[in-house]
Amino acid sequence: MTSPATPHSSCPEPAEPLARPIDFSTRPAADAPRALVLGGGGVYFIAWQLGLYEGLLTRGIDLRRADRVIGTSAGAMVAALLCTGRIDLFAKSVTALLAVPQLTKLFGSGAPSPSAQRAYELSQLNDGTLEAVRRVGHASLAAVIPHPHGIRRVLGALVGTRWPHRSLFITATDCYTGERLVLRRGAVSLARAVAASICVPGIFAPQQIGDRLCMDGGVAGTSTHSDLAAGAHHVIVTSLATDLTTPAQHQARRDEITALAASGCEVTHIALSGVRDEILMDPRAVPDAIAAGRAAADHWAGQLAPTWTAPTIPSPSPSH
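Residues numbered from 1 in each chain as written. Predicted model: local features only at pLDDT ≥ 70, side-chain atom pairs only at ≥ 80, totals over all residues. Heavy atoms only, no water.

**Notes on the overall build of the chain**
Alright, step 1. Looking only at helices and strands, the chain has 11 helices and eight strands in total.
Alright, step 2. Long-range pairs, those at least 24 residues apart, make up 82% of the contacts in the chain with a sequence separation of at least 6.
Alright, step 3. In the form shown here, the chain has an accessible surface area of approximately 13700 Å², with 55% of it arising from carbon and sulfur atoms. (Helix = DSSP H or I, 4+ residues; strand = E, 2+ residues; numbered from the N terminus. Contact = heavy atoms within 4.5 Å. Areas by Shrake-Rupley, 256 points an atom, 1.4 Å probe, with all protein chains shown as cover.)

**Observations concerning the pattern of salt bridges**
Alright, step 1. Scanning the entire structure with this criterion turns up 10 salt bridges.
Alright, step 2. Residue Glu54 pairs with Arg294 through a salt bridge whose shortest N-O separation is 2.9 Å. Placement of the pair is Glu54 in helix α1 (residues 42-58) and Arg294 in helix α11 (residues 286-308), with a sequence separation of 240 residues.
Alright, step 3. Judged by relative accessible area, Glu54 falls into the buried class, the value being 18%.
Alright, step 4. For Arg212, the salt bridge is made with Asp174, and the minimal N-O distance between the two is 2.7 Å. Within this pair, whereas Arg212 is found in strand β6 (residues 212-216), its partner Asp174 is found in strand β3 (residues 168-174), the two being separated by 38 residues in sequence. With respect to class, Arg212 is no different from Asp174; both count as buried.
Alright, step 5. Look at the salt bridges and you will find they share partners, linking Asp62, Arg64 and Asp88 into a network. (Salt bridge = Lys/Arg side-chain N within 4 Å of Asp/Glu carboxyl O. Buried < 20%, exposed > 50% of the residue type's maximum accessible area, 1.4 Å probe, protein only.)

**As for the packing of helix α2 (residues 74-84) against helix α8 (residues 150-159)**
Packed helices, taken two at a time, are described by the angle their axes make and the gap between the axes.
Alright, step 1. Two numbers describe how α2 lies on α8: the axes approach to 10 Å, and their chain directions differ by 35°. Packed against α2, whose contacting residues are Met77, Ala80, Leu81 and Thr84, the element α8 presents Leu155, Leu158 and Val159 at the interface.
Alright, step 2. Classifying every residue of the contact of α2 with α8 gives six nonpolar, one polar and no charged. (Axes fitted to C-alpha atoms, helices over the stretch in contact; angles between N-to-C directions. Nonpolar A, V, L, I, M, F, W, Y, C, P; charged D, E, K, R; others polar.)

**Concerning the pairing of strand β7 (residues 234-240)**
Moving residue by residue along a regular strand, the side chains alternate between the two faces of the sheet.
Alright, step 1. For β7, the tally of buried residues reaches seven of seven residues, placing the bulk of the element in the interior.
Alright, step 2. Across the two faces of β7 the burial is the same, with His234, Ile236, Thr238 and Leu240 and Val235, Val237 and Ser239 all buried.
Alright, step 3. Here strand β1 (residues 34-38) pairs with β7 via five bridges, running parallel. The partner of Arg34 across the bridge, within β7, is His234.
Alright, step 4. Both β7 and strand β8 (residues 266-272) contribute to a ladder of seven bridges, which runs parallel. Across the sheet, the residue bridging to Leu240 is Leu272, located in β8.
Alright, step 5. Chirality of the crossover, the property in question, places the unit of β7, helix α10 (residues 247-262) and β8 among those that are right-handed. (Pairing = 2+ DSSP bridges. Right-handed = clockwise from strand over helix to strand, strands pointing away.)

**Details of the environment of Val182**
Alright, step 1. For Val182, the location among the structural elements is in strand β4 (residues 180-183).
Alright, step 2. With relative accessibility at 0%, the residue Val182 sits in the buried group.
Alright, step 3. Along the primary structure Val182 and Arg20 are separated by 162 residues, whereas in three dimensions their C-alpha atoms are 6.5 Å apart.
Alright, step 4. For Val182, the contacting residues outside a window of four places in its chain are Leu18, Arg20, Phe169, Ile170 and Leu228.

Structural data, given as structure tokens:
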């Protein structure tokens, strides 16, 4: 009998390969003056990034000016909202955000099945090695999770299905091979791409992209995939801070920031810290998250203003 997790032969992989190795040396964003990298971190981090956006906007710094946007997990949803022009509907106020019941429905309720709990626990122990990523992916494929299609319907209502005419890249992870996947316009619907990227193992069922079954983009060794912004002049990276990540994740992020700078980028890394790990997936913490994002905007606005608001930005050159 065929497993429910087996891809359908009627869904071939798009003509352009989805798997792309992490490589800063190619400098894929060399023609982008400004790039925005939005990392993962649960529903709290979604709200925090929305608060950051709104707070910066009130200070004259518009993240929508980014020439290239990369979103992973929580950041994939924010990136899609930003690039489709829907972000203001969510970021204007806490009340507006909480008035959207679909957001909280994304994270469900009730006790997980034992197989789902195992997938989630393995994801928390993931050290980013290919073997560990595959172990998480296989557990995710085996997990019993109800309503696998609900997340796409919800995201279709929130972010839409059509990709914007913007340089938007969304990341996911192949559950079986452990490969990093880069989803972009023409490969799959926007809602399906975001659903794959935020597919936390053990919480959401894997999402089908072509002939692959996919999970959270943050499982593939990095929560930001900032190599896709390498070569841009100014890159803003948002991520969780050390107190909310494993030592392996922290080291990976440090290495990424170093590699970004070496590719010729001026990097501004804005990290969320000082919150309890258990609230990252708690919709009830949304008001506090938005307030914290606005406070972060107060701190970072002065540093961002000189380059992000400049009429033109000179072409970047790699460091030697």
